[in-house]
Amino acid sequence: MHFEDPLPESKAPVLSSLETARKMVDVASDKKAQDVVLLDVRKISSLADYFVVCSAAVDRQVRAIAEGVEEALDAVDVPPYKREGTPADGWVLLDYGDVIMHIMTADQRAYYRLEQVWEHAQIVVRLQ
């Protein structure tokens with residue numbers, strides 16, 4: 001008689017998308033990001049449930065915020081799907097599926113004006 005190994009159990013997400021977004025906001029705040037905004041885009045976009053947008057003074061701070069978010073979420077078994085951009089570009093995008101974070105220098109943020117692109121999104125949190 002041969003018994004097959006049972007299928008591995010699928011793991012439920014450790015954090016909800018809102019909890020993931022709030023953790024990003026907390027880390028950005030701890031890393032002294034400026035104008036941190038958490039937007040609920042569920043009713044206006046199929047890309048994600050939430051966007052987190054924040055500004056950093058210099059590229060080193062962009063790096064510190066991105067690395068801090070990745071470390072904090074890795075610690076609770078929430079890996080990113082993708083990372084785009086570099087601190088030297090002045091914009092790093094962290095894609096966690098239902099939550100997308102944009103970490104930008106002030107110049108990049110003023111140029112791309114993401115909050116105006118998503119002006120119909122509900123602001124959940126704004127830290128100035």
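The paragraphs below set out a description of the structure included in this document. (Residues numbered from 1 in each chain as written. Predicted model: local features only at pLDDT ≥ 70, side-chain atom pairs only at ≥ 80, totals over all residues. Heavy atoms only, no water.)

1. With respect to the environment of Arg-126
- Position of Arg-126 relative to the elements: it lies in strand 6 (residues 122-127).
- The partly exposed category is assigned to Arg-126, whose relative accessible area is 36%.
- Once the C-alpha coordinates of Arg-126 and Val-52 are considered, the two residues, 74 residues apart in sequence, prove to be 9.7 Å apart.
- Sequence-distant contacts of Arg-126, defined by excluding residues within four places in its chain, comprise Asp-35, Val-36, Val-37, Arg-109 and Glu-115.
- Within the local environment of Arg-126, its side chain forms a polar contact with the side chain of Asp-35, the two groups lying 2.9 Å apart. (Helix = DSSP H or I, 4+ residues; strand = E, 2+ residues; numbered from the N terminus. Buried < 20%, exposed > 50% of the residue type's maximum accessible area, 1.4 Å probe, protein only. Contact = heavy atoms within 4.5 Å. Polar contact = N/O pair within 3.5 Å; in protein donor to acceptor, adjacent residues only side chain to side chain.)

2. Here we look at the nonpolar core
- Core analysis: the biggest nonpolar cluster contains 27 residues, and Val-52, Ile-65, Val-69 and Met-101 have the highest contact counts within it.
- At the level of secondary structure, the elements contributing two or more residues to this core comprise helix 1 (17-30), strand 1 (34-40), strand 2 (50-56), helix 2 (59-74), strand 4 (91-95) and strand 5 (99-105).
- Residue contributions to this core peak at six residues, all from helix 2.
- Excluding its chain neighbours within four sequence positions, the residues that come into contact with Met-101 are Met-24, Ala-28, Val-52, Cys-54, Ile-65, Val-69, Val-92, Leu-93 and Leu-94.
- Judged by nonpolar contacts, the second largest core, of nine residues, contains Val-37, Val-41, Ala-48 and Trp-118. (Core = buried A, V, L, I, M, F, W, Y, C linked by side-chain atoms within 4.5 Å.)

3. Section: unusual backbone geometry
- With a phi angle near 65°, Lys-32 is a residue other than glycine that sits in the positive phi range.
- Backbone geometry at Asp-35 places phi at a positive 45°, although glycine is not the residue there.
- As for its position among the elements, Asp-35 is in strand 1.
- A relative accessible area of 23% places Asp-35 in the partly exposed class.

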